[in-house]
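Tertiary structure, described
Each chain, letter by letter, is given below.
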There are 4 protein chains.
Amino acid sequence: MSGSTFGTIFSITTWGESHGKGLGVVVDGCPAGVPLCEEDIQVFLDRRKPGQSRYTTARKEGDQVEILSGIFDGKTTGTPISMLVRNEDQRSRDYSEIASYYRPGHADYTFDAKYGFRDYRGGGRSSGRETIGRVAAGAIAAKVLGEMGISFCTYTRSIGPVTAESFDCSEIANNAVYMPDAAAAARAQQYLETCMSQKNSAGGVIECRINHVPAGIGDPVFNKLDANLAKAMMSIGAVKGVEIGDGFAVTQSNGLENNDEFFYDEDHQLQKRTNHAGGILGGISDGNEIILRAAVKPTASISSTQHTVNKTGENIEINIKGRHDPVIVPRAVVVVESMAAITLLDSMLMGMGAKMENLIKIYS
Amino acid sequence: MSGSTFGTIFSITTWGESHGKGLGVVVDGCPAGVPLCEEDIQVFLDRRKPGQSRYTTARKEGDQVEILSGIFDGKTTGTPISMLVRNEDQRSRDYSEIASYYRPGHADYTFDAKYGFRDYRGGGRSSGRETIGRVAAGAIAAKVLGEMGISFCTYTRSIGPVTAESFDCSEIANNAVYMPDAAAAARAQQYLETCMSQKNSAGGVIECRINHVPAGIGDPVFNKLDANLAKAMMSIGAVKGVEIGDGFAVTQSNGLENNDEFFYDEDHQLQKRTNHAGGILGGISDGNEIILRAAVKPTASISSTQHTVNKTGENIEINIKGRHDPVIVPRAVVVVESMAAITLLDSMLMGMGAKMENLIKIYS
Amino acid sequence: MSGSTFGTIFSITTWGESHGKGLGVVVDGCPAGVPLCEEDIQVFLDRRKPGQSRYTTARKEGDQVEILSGIFDGKTTGTPISMLVRNEDQRSRDYSEIASYYRPGHADYTFDAKYGFRDYRGGGRSSGRETIGRVAAGAIAAKVLGEMGISFCTYTRSIGPVTAESFDCSEIANNAVYMPDAAAAARAQQYLETCMSQKNSAGGVIECRINHVPAGIGDPVFNKLDANLAKAMMSIGAVKGVEIGDGFAVTQSNGLENNDEFFYDEDHQLQKRTNHAGGILGGISDGNEIILRAAVKPTASISSTQHTVNKTGENIEINIKGRHDPVIVPRAVVVVESMAAITLLDSMLMGMGAKMENLIKIYS
Amino acid sequence: MSGSTFGTIFSITTWGESHGKGLGVVVDGCPAGVPLCEEDIQVFLDRRKPGQSRYTTARKEGDQVEILSGIFDGKTTGTPISMLVRNEDQRSRDYSEIASYYRPGHADYTFDAKYGFRDYRGGGRSSGRETIGRVAAGAIAAKVLGEMGISFCTYTRSIGPVTAESFDCSEIANNAVYMPDAAAAARAQQYLETCMSQKNSAGGVIECRINHVPAGIGDPVFNKLDANLAKAMMSIGAVKGVEIGDGFAVTQSNGLENNDEFFYDEDHQLQKRTNHAGGILGGISDGNEIILRAAVKPTASISSTQHTVNKTGENIEINIKGRHDPVIVPRAVVVVESMAAITLLDSMLMGMGAKMENLIKIYS
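Everything numeric here is computed off the predicted structure, so don't read it as measured data.

Analysis parameters
Residues numbered from 1 in each chain as written. Chains lettered and ligands numbered in written order. Predicted model: local features only at pLDDT ≥ 70, side-chain atom pairs only at ≥ 80, totals over all residues. Heavy atoms only, no water. Helix = DSSP H or I, 4+ residues; strand = E, 2+ residues; numbered from the N terminus. Rg over C-alpha atoms; globule rule 2.2 N^0.38 Å. Buried < 20%, exposed > 50% of the residue type's maximum accessible area, 1.4 Å probe, protein only. Contact = heavy atoms within 4.5 Å. Areas by Shrake-Rupley, 256 points an atom, 1.4 Å probe, with all protein chains shown as cover. Lys, Arg positive; Asp, Glu negative; His and termini not counted. Charge placed at Lys NZ, Arg CZ, Asp CG, Glu CD. Axes fitted to C-alpha atoms, helices over the stretch in contact; angles between N-to-C directions. Parallel < 35°, antiparallel > 145°, perpendicular 65-115°, else oblique. Left-handed = near helix turned anticlockwise from the far one by under 90°. Nonpolar A, V, L, I, M, F, W, Y, C, P; charged D, E, K, R; others polar. Least-squares fit on C-alpha atoms with pLDDT ≥ 70 in both. Salt bridge = Lys/Arg side-chain N within 4 Å of Asp/Glu carboxyl O. Pairing = 2+ DSSP bridges. Buried area = accessible area lost by both parts, 1.4 Å probe. Phe/Tyr/Trp six-rings, centres within 6.5 Å; stacked < 30°, edge-to-face > 60°. Lys NZ or Arg CZ within 6 Å of the ring centre and 35° of its normal. Expected span 1.5 Å × (residues − 1). Arc of directions from axis to C-beta. Polar contact = N/O pair within 3.5 Å; in protein donor to acceptor, adjacent residues only side chain to side chain.

Time to look at the overall build of chain A. Across its full length, chain A holds 9 helices and 18 strands. A globule of 364 residues ought to have a C-alpha radius of gyration of about 21 Å, and chain A, at 22 Å, matches this closely. The dimensions of chain A, computed from C-alpha atoms along their principal axes, are 70 × 50 × 40 Å. Per-residue burial for chain A yields a buried fraction of 69% across its 364 residues. Relative to all contacts within chain A whose residues are 6 or more apart in sequence, the contacts with residues 24 or more apart total 67%. Of the roughly 11,200 Å² of accessible surface on chain A, 47% is carried by carbon and sulfur atoms. Where the 36 positive side-chain charges of chain A centre and where its 43 negative ones centre are 7 Å apart.

In structure tokens:
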């Protein structure tokens, strides 16, 4: 499958560049009969919008979504939902300098290596703005999952050395860095101030928890639910690591501790005493909370002087102009949630015929 | 694509259960004209064979591969290569106990939740033996990549708390835990002895380095080379985390440090001063060593008494019989290498037409 | 893969309904470095535009395409090319009648059966306007193939009982029915006049010839070039039959006659004396002209009174209002050519790594 | 997706060559809980076995299938079902002649053009024996569909100029050419006698009818049920044309006649008065009998002297040795049925989530 499509039944195809006419996504395979309007999408898009705080770029972009197809009488029809966000901030600008060299930490060089040339305006296709399509699609996936009672809680777990130590879900929307811990959020913001004063940038960890996922979702071999989630996460620009449940910490644990024991509760429901596995066993959901984390690298665009090369064969020094997010973690929170929702919904659609009795339930 | 197939052009389809008649794989899309024989495959399979040391199961299985198709005159023909490994160790045994309960840390419960019932003999399809097909296919991918000068170095980076501190490639094959550091290997083995005496198990980290990958491999959005590698790694049973380059450590770094500076060396070749990115920028290889890591959980099968449930609704205690690997990390090293090779080769085949000039080179 | 995407590497995703805001397509996997502008697309779209003759609907629609992404400095960048055509002719209209019943020969009933409800305005997603996206994408595929010297000749072979008897390529654009035979075209138009006077409609056969396709394109088993072409053709609304080369006529032939004999010409080039196979042997192109045909049914929308049912359980009589094409064959010619071009290009991209030496040519 | 895999959820991967060690298939995505044994498969395989009559090759091959995985306690487990048929008739033989030239009507030349060389023993991968895997998989698909009451009736409609004129389902198995008309069958056999005496061969048409398919199966755009069936049919070696319902005859019909009128019968069930559409409207099943036809070319292997070329640049005459089927139509009947069953089942699995209420039915 070509590189801008993700998913098999619920499949999304994103398009667009940072400084082209616009960006968008076609969402195919959405079940028919789900109430949906532009406001449902806009709410998600607004969570990744720039200019929300002083830790994100000052560009004022409306990022207003237009739904072009696939909705009738306020409901999804089962046919492709095409969504468009026009680029507004296309100030004419001189790109000749940025066109001439390769920015460290960016995809400039690798694009040239692969395609022979590149759209160098604002990062082109590898800009963070590419995620607009993912988030618009994620809003739909989340809505569909919501109809089945499945909910998400996604937030910043750490920025640089500052990690959230307490968890208060209601706190997340209260601070500019989307942390579930007000005190940690304050320290993180202080840390970001220092980064900015040093013309430097920070990374961090995003955590996503998914609740009320029924047991039995995902495949046992290559299309493990966690394998698909790992691809979804690592496909987000700047993500360099992915964990499920305890993640890398399991390597320091032992079997006796790491195995989650099963038990029946008073209502004779099967439960697990712990959830080191993060809700997935053998690639298939076990009915517990699904927990995943993505490691986001420090913003590559920094104002400090850097050494690099130009295309005419010289070693040079550069200073990248413009204002840049000192950290992209808070804006990427909704991207992580969107990709997780898209992945989960597709797995659920793919697995509907796992049992013969399910086919008979639908078709007989 | 159904769950037992991986890859798009170079695509592998594995099949088989732990205690069925056998296991195998069909490898489709292998370029024609590559010299290949059963010995090429066997060398890889022997790296994952049980009974290699006292840290792996004592089962004596030949795991002899038979190539059934796709080779003619000693070379690949471009048509599917079907490979079969018969199960030899199918001692008749009483499985009624294991059939009745759900082992903690295993996929027993989730299989039942998804499919309604399961092949409970030795873990069935979710057994570690499923990787036989992956490794047989990986041997082919590695051979094809070798024809282009691409090579792999894969090893155990850590077991439990013991991490390799030095790197001597030639040391890897010298110790039972496949570590590139003899002293760490000795400590790791001591740690495993303790685990075994406590009827417990350990996890660890596997690291894979790929050399001489040309720049320009991978796609910029969903099919990022690292995204596909992440799926490949997380699809291996027991893997709970994946990292590319510095991985989670980037979240503690900053932009100035984490950005790999480009420079031209004396031979006017473009180089990077550091490789925090692990050879991939924006999803596309940058010509540097590709580095990835997988976190492997402690073996779920342990001899200690555990609490769990049976299918008749009772909370019970169990003691899993049989000898089990106290750690699967060393045997999984070749599985990691295989999945990485398969992923890389498929990305290379998918990207051959990225430039119009390439099409003309092949077809005009 | 979800139902609105076609192709694996060169993959297109269409979206849009007859009377929604617009229609479009995202073309992914187009090789980078191909000169492309809106005019290239418009030329193709104009070939399917309504209002070209009195045998097509009188709706005046500009169907002006806008390229939203994927082009930079006048060349394809290798990233998705998103194209949009706004619907202009969205007169407010009363659809309550058409919403209440199922038109014979249309997808009204089957949409309701599948999705539970439907966008009934002008056929919604199953309108002929859906092909706008295919044609816009086909224009790109044809352009890329043109860079390799591959060309198309597509035309109306028959309308109702009238079949072209001579072949003059230059004649095709000269008559309203796109026939390569002026006399037959005149007879066909007379036949259509009769159909119209009887409030009836006609079908016909479209033929597509592709020249200068190198030998070796296509796969030997499921992804035979002809198999993929057959899917491409049958996916066009109203197509009920597909033939390659002599098609159904082979069943009346015999082996001695139907086998195309090979010979070397004076320039020692391998040739075939005949081309009953239509340029494809065992699913793979043999270097000869590729010939395919699609059977198009008579337009389902006719003004005559018809019997059908409404959704409230009654058997009723209906008269479908509005002007309708008495035949869609001429407008579908460019759709056939587009789908053929898309299929062929994707097969060429998929097959670039069929030989090890090709990989070395590109990557070493 | 690579070329030896067909289907998305219910997906089959075939492998093997005519004169290699064996042939087989891996069937993935089969719903769990379906009773299945080797005898179910063997019944299908026996329908394509050589040596059934004097119109098929005299080779005595058992073609005994062995199920290697995916079945437990007599039922499918939802995991891959691997099936193997060993080649028995591998008489050592001198292939040097056949290796040196290109047989007319065969894929010899196109294989060389694509892959650089070929397995020339008995046609290698493009042998009719490749269909063994399809038929073994088709047996499973038919079994699953049977659980939902869906049944098939497939037969020879014509051989050369002889077409079945009456339809008696019970007659099909009574004659060597699988025709539903005893008199036509007798004439067809006489025609074949003449072909054989002239060292020549014949083609024919296979027709497949599928009953009790619920309305609503298939997708409205590229994955139309008929589009997928067309690919399935054309992917069978020797098929050069495909029709749905009235097929090419629709081009001679008119709208008034070709539109199938809907009506409610006495039981208030929606029915169609005619079925020109062959049970599919707009790519989606309409609840009526699905009707499709495949045109099969005359067997390419004939004993008559033919002109062709050798690989050393000479125009030569050849006489292909061995006994060959004068017609492959009767043996291909079960291949057509198998591919139709596989396609239909996959479409049903893909479409289970077309409506939101279906998701809730399965997951809530």
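Our focus in this paragraph is the packing of helix 4 (residues 131–147) of chain B against helix 8 (residues 329–350) of chain B. The relative placement of two packed helices comes down to the angle between their axes together with the axis-to-axis distance. Residue and element names in this part refer to chain B. Relative to each other, helix 4 and helix 8 sit at 50°, their axes nearing to 7 Å. Accordingly, the angle class assigned to the pair helix 4 and helix 8 is oblique. Where helix 4 crosses over helix 8, the handedness of that crossing is left-handed. Residues Thr 131, Arg 134, Val 135, Ala 137, Gly 138, Ala 141, Ala 142, Val 144 and Leu 145 of helix 4 form the contact with helix 8, whose participating residues are Val 334, Val 335, Ser 338, Met 339, Ala 341, Ile 342, Leu 344, Leu 345 and Met 348. Partitioning the contact of helix 4 with helix 8 into residue classes produces 14 nonpolar, 3 polar and 1 charged.

Before going further, it helps to examine the relation of the copies chain A and chain D. Aligned on chain D, chain A shows an RMSD of 0.0 Å; the corresponding rotation is 180° and the shift along the axis is 0.0 Å. The operation mapping one copy onto its partner corresponds to a two-fold rotation axis. Of every C-alpha in chain A, the one belonging to A:Met352 sits nearest the axis of rotation, 3.3 Å from it. A share of 100% of interface residues in chain A that are also interface residues in chain D marks the association as one of identical surfaces.

Throughout the structure, instances matching the rule amount to 92 salt bridges over all chains. Across the pair C:Arg86 and A:Glu66 runs a salt bridge, and its minimum N-O distance is 2.9 Å. Taken together, the residues span two chains, with C:Arg86 in strand 7 (residues 81–86) and A:Glu66 in strand 4 (residues 65–67). Using a relative accessible area of 31% as the deciding quantity, one classes C:Arg86 as partly exposed. For B:Glu165, the salt bridge is made with B:Arg187, and the minimal N-O distance between the two is 3.7 Å. Here B:Glu165 is found in the loop between strand 9 (162–163) and helix 5 (182–197), whereas its partner B:Arg187 is found in helix 5, with 22 residues between them in sequence. Sharing partners across several salt bridges, the network here consists of A:Arg157, A:Glu207, A:Arg209, A:Glu243, A:Glu289 and A:Arg293.

Residue and element names in this part refer to chain B. Read from one edge to the other, the open sheet built from 5 strands follows the order 1-2-3-7-4, with strand pairing classed as antiparallel. The strands lining the two open edges of the sheet, one partner per strand, are strand 1 (5–6) and strand 4 (65–67). Across 6 bridges, strand 2 (residues 11–16) lies against strand 3 (residues 22–28) in antiparallel orientation. Across the sheet, residue Trp 15 finds its bridge partner in strand 3, namely Gly 24. Sitting on the sheet, helix 4 is in contact with strand 2, strand 3 and strand 7 (81–86), with an inclination near 35° to strand 3.

Think of it as a corkscrew move, a rotation about one axis and a shift along it, taking one chain copy to the other. Rotating chain A by 180° and translating it 0.0 Å along the rotation axis places it on chain B, where the RMSD comes to 0.0 Å. The fraction of interface residues of chain A whose copies in chain B are also interface residues reaches 100%, indicating that both copies meet through the same surface.

Let's shift gears to the interface of chain A and chain B. Each side of the interface is counted separately: chain A has 107 residues, and chain B has 107 residues. For the pair chain A and chain B, the summed buried surface comes to about 8,400 Å²; carbon and sulfur atoms form 61% of the total. Among the residues of chain A in contact with chain B, A:Lys114, A:Phe222 and A:Lys240 are the three that bury the most area, contributing 11% of the side total. If you look at where chain A meets chain B, you find 2 salt bridges. Across the salt bridge formed by A:Lys114 and B:Asp219, the nearest N and O atoms sit 3.3 Å from each other.

Aromatic ring pairs are reported here in terms of the distance separating the ring centres and the angle at which the planes meet. Under the criterion given, the structure shown has 34 aromatic pairs over all chains. A centroid spacing of 6.4 Å and a plane angle of 50° characterise the contact between C:Tyr95 and C:Tyr120, whose relative ring orientation is tilted. Within this pair, whereas C:Tyr95 is found in the loop between strand 7 and helix 2 (96–100), its partner C:Tyr120 is found in the loop between helix 3 (108–115) and helix 4 (131–147), the two being separated by 25 residues in sequence. The exposure class assigned to C:Tyr95 is buried, which follows from its relative accessible area of 11%. Across from the ring centre of C:Phe117, 4.7 Å away, lies the NZ or CZ of A:Lys75, which sits over that ring.

All names here are of chain D. Look at helix 5 (residues 182–197): 23 Å from first C-alpha to last across 16 residues, which is about the 22 Å you get at 1.5 Å a residue. For helix 5, the set of buried residues is Ala 184, Ala 185, Ala 188, Leu 192 and Cys 195. One side of helix 5 holds all its buried residues, which, seen down the axis, span an arc of 100°. Exposed residues on helix 5 whose side chains face more than 90 degrees from its buried face are Gln 190 and Ser 197. On its buried side, helix 5 packs onto strand 8 (151–159) and strand 9 (162–163). Two to three positions downstream of the cap, the backbone nitrogen of Ala 183 sits 3.0 Å from a side-chain oxygen, assigning the N-cap of helix 5 to Asp 181. Lys 199, located one to two residues past helix 5, shows a positive phi value of around 50°.

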